[in-house]
Amino acid sequence: MKYLLTAAAALGLLAGAASAQSRLETVQERGKLMCSGHNGSYLGFAEVDDEGNWKGLDIDLCRGLAASLFGSSEGTLDIVPISWAQRWPALQSGDVDVIIKLSGWSQSRDTELNLAYSIPYFVAGFHVMTNADLGAETLADLDGGSICVSAGTTTERFLASYIEKLGIEAEIIVFESGDEVRTAYFNGRCDGLTLLAPPLAAARATSENPEAHVILPDVIALEPEGIIVPEGDPKWLDVMNWMLSSLWFAEVHDITSANVDEIRANPPSEQIGKFLGVTPGYGERLGLSDDWAYNLIKEVGNYAEIYDRNIGEPYALPRAMNNLYTNGGLFYPLMVD
């Protein structure tokens with residue numbers, strides 16, 4: 001009898017889990033997506049201008065997600081400013097529906113915080129920038145110095161581990177926001193600044209005197225960045241994965257925000273017709289409209305357009321490993337059938 005009761009309880013738990021509403025349905029019923037922003041500016045990924053307008057690669061992914069869900073991000077997207085440390089509590093409490101905030105996939109986050117990760121949408125290495133006057137050629141030359149880093153990030157742990165591996169003494173000084181950590185470095189509070197390579201290069205390029213700073217060659221760690229949703233919600237996670245895949249699929253097939261209407265009017269293949277919602281199937285399986293990928297590309301373009309607009313053009317940073325597989329990079333689309 002005990003085993004029967006245990007089995008019944010287990011089946012009850014499974015039934016309860018199966019009947020739990022997906023975040024997808026919650027967002028659709030609300031009519032608005034709550035997406036993570038930044039408490040300052042993280043150059044290239046989440047920036048806000050003097051008029052309060054958001055831009056950046058992460059922000060464009062939020063816009064694209066809202067367009068996928070509702071047809072357009074206009075009036076259906078709220079960017080919620082949060083710090084690095086606030087990411088997980090904000091997601092778990094429902095203050096945001098999804099974390100698109102250049103967040104690395106780590107085992108502790110995966111197993112201890114009940115988080116689920118999409119396929120990576122960006123991969124980059126952590127580096128340290130320092131003042132050229134110090135004459136440092138590698139991170140080991142900063143022995144006895146100090147390095148600025150953002151609080152509540154994997155960067156802090158990666159840096160501490162790398163310093164330990166080198167066998168040097170360097171003080172790690174943490175700051176709450178991206179603006180604070182950059183300001184501290186440029187004001188001489190620290191000898192070095194640690195960030196992922198793209199925002200680090202952007203910080204150097206936009207400084208008063210870029211030539212006064214050098215980015216050291218040490219690759220402290222390589223990190224895959226993914227979109228994060230609560231664990232146990234496969235429907236919501238599916239939307240994230242297929243949104244990213246659709247951005248790469250559009251790029252592979254040269255579908256852009258400029259030509260998507262023309263291609264949709266006369267699809268060159270049955271597969272592309274289904275992708276753009278001319279024929280049914282691509283959205284229904286996900287709980288979306290069949291033209292959701294069309295709305296996505298119309299709103300933000302393909303992955304190349306997003307990258308070039310936010311990182312390539314303003315900061316002259318090559319895509320490198322974030323290219324398509326056809327250009328020597330890591331990314332490729334999933335199969336549209």
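This one's a predicted model, so the numbers in the text were calculated from it and none came from an experiment.

In terms of regular secondary structure, the protein is built from 13 helices and 12 strands. Taken against the 2.2 N^0.38 rule, which gives 20 Å for 337 residues, the C-alpha radius of gyration of the protein at 22 Å falls within 12% of a compact globule. Its C-alpha atoms give the protein principal-axis dimensions of about 65 × 60 × 40 Å. Of the accessible surface of the protein, which amounts to about 15200 Å², a share of 52% is contributed by carbon and sulfur atoms. Of the charged side chains in the protein, 21 are positive and 47 negative; the average position of the first set lies 5 Å away from that of the second.

Once that is clear, we can look at a nonpolar patch on the surface. Side chains of Val219, Leu222, Met321 and Leu330 sit close together on the surface and give an oily, nonpolar patch of about 340 Å² of accessible area. In this fold, Met321 is placed in the segment after helix 13 (303-315). Overall, the relative accessible area of 30% leaves Met321 in the partly exposed class.

Reported here for the largest pocket is a volume of approximately 220 Å³. If you trace the largest pocket, you find 17 residues lining it, with Ala124, Ala197, Pro198, Pro318 and Ala320 closest to the centre. For the lining of the largest pocket, the elements supplying multiple residues, two or more each, are strand 7 (122-131) and helix 8 (197-205). In terms of residue count, the dominant contributor to the lining of the largest pocket is strand 7 (five residues).

Bringing the state of the cysteines into the picture now. Throughout the structure, instances matching the rule amount to two disulfides. The disulfide bridge from Cys35 ends at Cys62, spanning 2.0 Å between sulfur atoms. Taking the sign of the S-S torsion, about -65° here, the bridge from Cys35 to Cys62 comes out left-handed. Placement of Cys35 in strand 1 (residues 33-36) and of Cys62 in helix 3 (residues 57-70) is noted, with a sequence separation of 27 residues between them. According to the relative accessible area criterion, Cys62 is buried, its value standing at 0%.

Summed over all chains, the structure comprises 14 aromatic pairs. Look at Tyr42 and Trp84: their rings are 5.0 Å apart centre to centre, the planes differ by 80°, and that puts the pair in the edge-to-face class. Taken together, the residues span a long stretch of sequence, with Tyr42 in the loop between strand 1 and strand 2 (47-48) and Trp84 in the loop between strand 4 (77-80) and helix 4 (87-93) at a distance of 42 residues. Of the residues examined, Tyr42 reaches a relative accessible area of 6% and is grouped as buried. By relative accessible area, Trp84 is classed as buried at 4%. Ring geometry for Phe126 and Phe158: centres 5.4 Å apart, planes at 55°, overall tilted.

In low-pLDDT regions, the fine details of the predicted coordinates are not to be read closely. Mean pLDDT for the protein: 91, with 94% of residues reaching 70 or above. In this model, residues 1-19 is a region of pLDDT below 50 whose contacts with residues beyond four sequence positions or in other chains number zero contacts.

On to unusual backbone geometry. Phi angles above zero are rare outside glycine, and Leu102 is one such case at about 40°. By the secondary structure assignment, Leu102 is in strand 5 (residues 99-104). The exposure class assigned to Leu102 is buried, which follows from its relative accessible area of 5%. Positive phi outside glycine occurs at Asn114, with the angle close to 55°. You can see Asn114 is positioned in the loop between helix 5 (107-112) and strand 6 (115-117). Judged by its relative accessible area of 48%, Asn114 is partly exposed.

Conventions we followed
Residues numbered from 1 in each chain as written. Predicted model: local features only at pLDDT ≥ 70, side-chain atom pairs only at ≥ 80, totals over all residues. Heavy atoms only, no water. Helix = DSSP H or I, 4+ residues; strand = E, 2+ residues; numbered from the N terminus. Rg over C-alpha atoms; globule rule 2.2 N^0.38 Å. Areas by Shrake-Rupley, 256 points an atom, 1.4 Å probe, with all protein chains shown as cover. Lys, Arg positive; Asp, Glu negative; His and termini not counted. Charge placed at Lys NZ, Arg CZ, Asp CG, Glu CD. Patch = residues over 30% accessible without salt bridge, like charges linked within 9 Å, V, L, I, M, F, W, Y side chains within 5 Å. Salt bridge = Lys/Arg side-chain N within 4 Å of Asp/Glu carboxyl O. Buried < 20%, exposed > 50% of the residue type's maximum accessible area, 1.4 Å probe, protein only. 1 Å grid on protein atoms, 1.4 Å probe; cavity = no way out; pocket = protein on both sides within 12 Å on 5 of 7 lines; lining within 4 Å. Points joined across faces, edges and corners; volume = space filled by probe spheres on them. Disulfide = S-S within 2.5 Å. Phe/Tyr/Trp six-rings, centres within 6.5 Å; stacked < 30°, edge-to-face > 60°. pLDDT = per-residue confidence, 0-100. Contact = heavy atoms within 4.5 Å.

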